[in-house]
Amino acid sequence: GTASRTDFEFTTIGLSRAAATIVGGNYTAPSTLGGTFQQIITKTFTASGGGTAYGAGVFDSTTVSGSKLYVEDNFSSSAVVANNDTLTVTVTITN
């Protein structure tokens, strides 16, 4: 599929695409060619209704149309949320 496709993507109840926070400062390039890096990003959502979230993705934009999907994954177990519940998603990207 394409990144702009919204099948199974929440666009309501407070779980729609939103900007995340970089954890631990800005990205720093590896010190050597081929060196490794790790970047952690996190976002806490507050539900404004009920539903079940099964996974999350990292996109280059909060706008659905024309955005690129970098990574997606399923949660180890589904997250059932009710109004005013919070759901924190943390993604660690390592090369």
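Overview of the structure. As the structure is a computational prediction, the values presented were derived from the model and not from experiment. (Residues numbered from 1 in each chain as written. Predicted model: local features only at pLDDT ≥ 70, side-chain atom pairs only at ≥ 80, totals over all residues. Heavy atoms only, no water.)

Take the sheet that holds strand β2 (residues 38–46) next. Spatial strand order, β1-β2-β5: 3 strands in an open sheet with antiparallel pairing. Every interior strand has two partners, whereas the edge strands, β1 (21–23) and β5 (86–94), have only one. Between one strand axis and the next, the sheet turns by 30° as a mean value, whatever way the strands run. Bridge analysis of β2 against β5 gives 9 bridges, and the strand direction is antiparallel. If you follow T44 over to β5, its bridge partner there is T88. (Pairing = 2+ DSSP bridges. Helix = DSSP H or I, 4+ residues; strand = E, 2+ residues; numbered from the N terminus. Axes fitted to C-alpha atoms, helices over the stretch in contact; angles between N-to-C directions.)

What follows is about unusual backbone geometry. Of note, I13 is a non-glycine position whose phi angle comes to about 50°, a positive value. Structurally, I13 is set in the segment before β1. The backbone of N84 sits at a positive phi, close to 75°, despite the residue not being glycine. Along the chain, N84 falls in the loop between β4 (69–81) and β5.

Quick look at the environment of D73 now. Residue position: D73 is located in strand β4. In the structure, D73 is positioned 16 residues away from G57 in sequence and 6.5 Å away in space, judged by C-alpha atoms. Not counting residues up to four positions away in its chain, the partners in contact with D73 are G55 and A56. (Contact = heavy atoms within 4.5 Å.)

Moving on, we get to the nonpolar core. Core analysis: the largest hydrophobic core is formed by 12 residues, namely I13, L15, I41, F45, A47, A53, V58, A79, V81, L87, V89 and V91. Here the element with the most residues in this core is β5; it accounts for 3 residues. (Core = buried A, V, L, I, M, F, W, Y, C linked by side-chain atoms within 4.5 Å. Buried < 20%, exposed > 50% of the residue type's maximum accessible area, 1.4 Å probe, protein only.)

Time to look at the side chain of R17. Its location among the elements puts R17 in the segment before β1. According to the relative accessible area criterion, R17 is buried, its value standing at 15%. In terms of polar contacts, R17 uses its side chain to reach the side chain of E9, at 2.6 Å. In this structure the side chain of R17 is engaged in a polar contact, spanning 2.6 Å, whose partner is the side chain of S67. (Polar contact = N/O pair within 3.5 Å; in protein donor to acceptor, adjacent residues only side chain to side chain.)

Turning to the layout of surface pockets, a few remarks are in order. Reported here for the second largest pocket is a volume of approximately 220 Å³. Forming the walls of the second largest pocket are 14 residues, and the residues nearest its centre are A56, D73, V89, T90 and V91. Every element with two or more residues in the lining of the second largest pocket is listed here: β3 (51–59), β4 and β5. When residues in the lining of the second largest pocket are grouped by element, the largest group, 6 residues, is from β5. Of the residues that constitute the lining of the second largest pocket, the class distribution is 7 nonpolar, 5 polar and 2 charged. (1 Å grid on protein atoms, 1.4 Å probe; cavity = no way out; pocket = protein on both sides within 12 Å on 5 of 7 lines; lining within 4 Å. Points joined across faces, edges and corners; volume = space filled by probe spheres on them. Nonpolar A, V, L, I, M, F, W, Y, C, P; charged D, E, K, R; others polar.)

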